[in-house]
Amino acid sequence: MRSKSVSTVLFALLLIGSSATLLADGFPEQCAGTYLNREGSGAQSIWTLGEDGSFLGTSSTQRVFNFSDQQGAWENDGSGGAKGVFLDFSFDASGALLNIGRVDVVFHAVGSECAKIAGSFTLRFFPPGEDPLNLSSFTGTPITDTFTGRRLTVAH
């Protein structure tokens, strides 16, 4: 009976130790949340990184350039940062689909507690009929920019 108890305790400690390591190294556990970003171009955006890997965005340039909110996915990159991709729809003046925008993002936490993030992104436009999930089908010129963001918190 004693050896079973010792085995159970050792197994529990192993699990706690493993999960603590995962939490300490894991960008998703620490940084899921909503961020107000300032881009190098001067635009602003709001991004929400869901704990489930969902990635939602809204940009201050949406009205000017006539495109939708952005939706996508993000994940830990395995080296203390993260990467994500999201898509949006752009429309012409009549409301017809002009293209699908794909934004590939790389970012990392700045400081502790993920109060700030920073990184860069690449925007590519795919005309209707081209597959935005297949980067090898991209034939245009990508647009790159940088950003810094601050985490939204509830004031107490």
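Note that the structure is predicted; figures quoted are calculated from it, not measured.

### Things to note about the pairing of strand E3 (residues 54-59)
Only one face of E3 is buried, namely the one carrying Phe55, Gly57 and Ser59, since none of Ser54, Leu56 and Thr58 on the opposite face is buried. Between strand E2 (residues 44-49) and E3, which pair antiparallel one after the other, the connecting turn spans 4 residues, and Gly53 there sits at a positive phi close to 95°. With 4 bridges joining them, E3 and strand E4 (residues 70-76) adopt antiparallel strand pairing. Residue pairing in the sheet places Gly57 in a bridge with Gln70 of E4.

### Some points on the pattern of salt bridges
For the structure on display, the rule yields 3 salt bridges. Note that Lys83 and Glu75 form a salt bridge whose closest N and O atoms lie 3.7 Å from each other. Given a relative accessible area of 40%, Lys83 falls into the partly exposed group. On the basis of relative accessibility, which here comes to 44%, the residue Glu75 falls in the partly exposed class. For Arg102, the salt bridge is made with Asp104, and the minimal N-O distance between the two is 2.8 Å. Assigned by exposure class, Arg102 and Asp104 land together as buried. A cluster of three or more residues bridged by salt bridges with shared partners is formed by Arg102, Asp104 and Arg124.

### A word on the nonpolar core
The nonpolar side chains of a soluble globular protein tend to be buried with one another. Membership of the largest hydrophobic core comes to 17 residues, with the highest contact counts inside it found for Phe55, Trp74, Val105, Phe107 and Phe147. Those elements that provide at least two residues to this core are E2, strand E5 (81-91), strand E6 (97-110) and strand E7 (116-126).

### Topic: the sheet that holds E5
Backbone hydrogen bonds are what pair the strands of a sheet, in a parallel or an antiparallel way. Pairing is antiparallel in the closed barrel, where 8 strands are placed in the order E1-E2-E3-E4-E5-E6-E7-E8. Adjacent strand axes in the sheet meet at a mean angle of 30°, parallel and antiparallel pairs treated alike. One ladder, built from 11 bridges, connects E5 with E6; its direction is antiparallel. Across the sheet, the residue bridging to Phe86 is Val103, located in E6.

### What to know about the environment of Ser68
For Ser68, the location among the structural elements is in the loop between helix H3 (62-65) and E4. Along the sequence, Ser68 and Thr58 sit 10 residues apart, while their C-alpha atoms lie 8.0 Å from each other. Beyond its immediate stretch of four places on either side in the chain, Ser68 contacts Gln62, Asp88, Phe89 and Phe91.

### Structural notes on the pairing of E2
Residues of E2 alternate between two faces, with Ser45, Trp47 and Leu49 buried on one and Gln44, Ile46 and Thr48 left unburied on the opposite face. Relative to E2, strand E1 (residues 33-39) is paired through 6 bridges, and the arrangement is antiparallel. Across the sheet, the residue bridging to Gly33 is Leu49, located in E2. The hairpin turn running from E1 into E2, its antiparallel successor, is 4 residues long, and Gly42 in that turn takes a positive phi close to 100°. As defined by bridge partners, E2 adjoins E3 across 5 bridges and the pair is classed as antiparallel. Bridging across to E3, Ile46 finds its partner in Thr58.

Calculation rules
Within any chain, residue numbers begin from 1 and follow the written order of that chain's sequence. Totals for whole chains, interfaces and linings use all residues, but because this is a predicted model, local features are given only for residues with pLDDT of at least 70 and pairs of side-chain atoms are given and counted only at 80 or more. Heavy atoms throughout the structure, all of them, feed into the side-chain values; hydrogens and water do not. Under the scheme applied here, a residue whose accessible area is under 20% of the maximum for its type counts as buried, over 50% as exposed, and between as partly exposed, the area being computed with a 1.4 Å probe on protein chains only. Each helix is a run of DSSP H or I of at least 4 residues and each strand a run of E of at least 2, with the numbering of both proceeding from the N terminus. By the convention used here, strands pair only if DSSP detects at least 2 bridges between them. Salt bridges are defined by distance alone: a side-chain nitrogen of Lys or Arg within 4 Å of a carboxyl oxygen of Asp or Glu. Here the nonpolar core consists of buried residues drawn from Ala, Val, Leu, Ile, Met, Phe, Trp, Tyr and Cys, with membership extended through side-chain atoms lying within 4.5 Å. Every axis in this analysis is a line fitted to C-alpha atoms, fitted for helices over the stretch in contact. Angles between the N-to-C directions lie between 0 and 180 degrees. By definition, residues are in contact when any of their heavy atoms lie within 4.5 Å.

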